[in-house]
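Fold and geometry: a report
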Amino acid sequence: LYTYSGQYSDTLRTYLQLREGPVFELIAEHNLYTSVADKLVALCDFDVAETVKMLVENTDKIPPAEVVAQLAAHPQYQLAYLHALDERDIAAAADYHKLLIELYATYEPGKLMAFLKRSNSYSLDDALKTCEQHRLYPEMAFVLQRMGSTHEALALIVNRVGDIRMALEFA
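Remember, it's a predicted structure, so these values are computed and weren't measured experimentally. (Residues numbered from 1 in each chain as written. Predicted model: local features only at pLDDT ≥ 70, side-chain atom pairs only at ≥ 80, totals over all residues. Heavy atoms only, no water.)

For the rest of this paragraph, the subject is a negative patch on the surface. Residues Glu-25, Glu-29, Glu-50 and Glu-57 make up a contiguous surface patch of negative charge. When contributions to the negative patch are tallied by element, the ones reaching two or more residues are helix H2 (23-29) and helix H4 (40-57). Tracing the backbone shows Glu-50 in helix H4. (Patch = residues over 30% accessible without salt bridge, like charges linked within 9 Å, V, L, I, M, F, W, Y side chains within 5 Å. Areas by Shrake-Rupley, 256 points an atom, 1.4 Å probe, with all protein chains shown as cover. Salt bridge = Lys/Arg side-chain N within 4 Å of Asp/Glu carboxyl O. Lys, Arg positive; Asp, Glu negative; His and termini not counted. Charge placed at Lys NZ, Arg CZ, Asp CG, Glu CD. Helix = DSSP H or I, 4+ residues; strand = E, 2+ residues; numbered from the N terminus.)

This is the structure we're talking about:
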């Protein structure tokens, strides 16, 4: 009934409450981005992949700062969003690289090394501290190498990682 009477925001709210319906089609078709700007957690609960895709494609309508702030209590949603944003436009995500390092280290450490190698928009000291806290030794060695502490990085690989092949490649 809401749809037929043109009350698309009410239609959207109902779809989200029921957790079914063509939510993302409705948003795109009726340009409801301002209506969803305060419903990002509900959208992620509905379908995180589609929400992230929509948000990354519409940073002009819903700015990254607003998204990151709203998802602050849901770090895994933040990670999904920032990861996708960084892959699409590294410059748009540059302000959040410190946060992204912390999120990767906590929730997806396997993706951290690739990020550290690809980005230059983070503090090496902060990255090193985060890697130390999470005992991510190969990542620590990489950061130490970027800081110019190659001897310390090599010692870390030999003593903590215990991977001779990695040490040889490093040397």
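Bringing the packing of helix H8 (residues 97-107) against helix H10 (residues 124-133) into the picture now. In contact at an axis separation of 10 Å, H8 and H10 are set at 15° when each is read in the N-to-C sense. Taken as axis vectors, H8 and H10 run roughly parallel relative to one another. Between H8 and H10 lies a crossing of right-handed hand. Touching Lys-98, Ile-101, Glu-102 and Ala-105 of H8 are Asp-126, Ala-127 and Thr-130, all from H10. (Axes fitted to C-alpha atoms, helices over the stretch in contact; angles between N-to-C directions. Parallel < 35°, antiparallel > 145°, perpendicular 65-115°, else oblique. Left-handed = near helix turned anticlockwise from the far one by under 90°. Contact = heavy atoms within 4.5 Å.)

Under the definition given, this model contains five salt bridges. Across the pair Asp-38 and Lys-39 runs a salt bridge, and its minimum N-O distance is 3.3 Å. A relative accessible area of 58% means that Asp-38 is categorised as exposed. The salt bridge partner of Asp-86 is Arg-118, with a shortest N-O separation of 2.3 Å. On the criterion of sequence distance, the pair formed by Asp-86 in helix H6 (residues 75-88) and Arg-118 in helix H9 (residues 112-118) is long-range, its members being 32 residues apart. (Buried < 20%, exposed > 50% of the residue type's maximum accessible area, 1.4 Å probe, protein only.)

In this section: the environment of Asn-159. Its location among the elements puts Asn-159 in helix H12 (residues 150-161). Spatially, the C-alpha atom of Asn-159 lies 45 Å from that of Thr-59, the residues being 100 residues apart in sequence.

To continue, consider helix H1 (residues 8-18). Thr-11, Leu-12 and Leu-16 are the residues of H1 that are buried. Taken end-on, H1 shows its buried residues confined to a sector of 130°, consistent with a single buried face. H1 presents Gln-17 and Leu-18 as exposed residues on the side facing more than 90 degrees away from its buried surface. For H1, the elements touching its buried residues are H2, helix H3 (33-36) and H4. Of the residues trailing H1, Arg-19 is marked for its positive phi of about 60°. (Arc of directions from axis to C-beta.)

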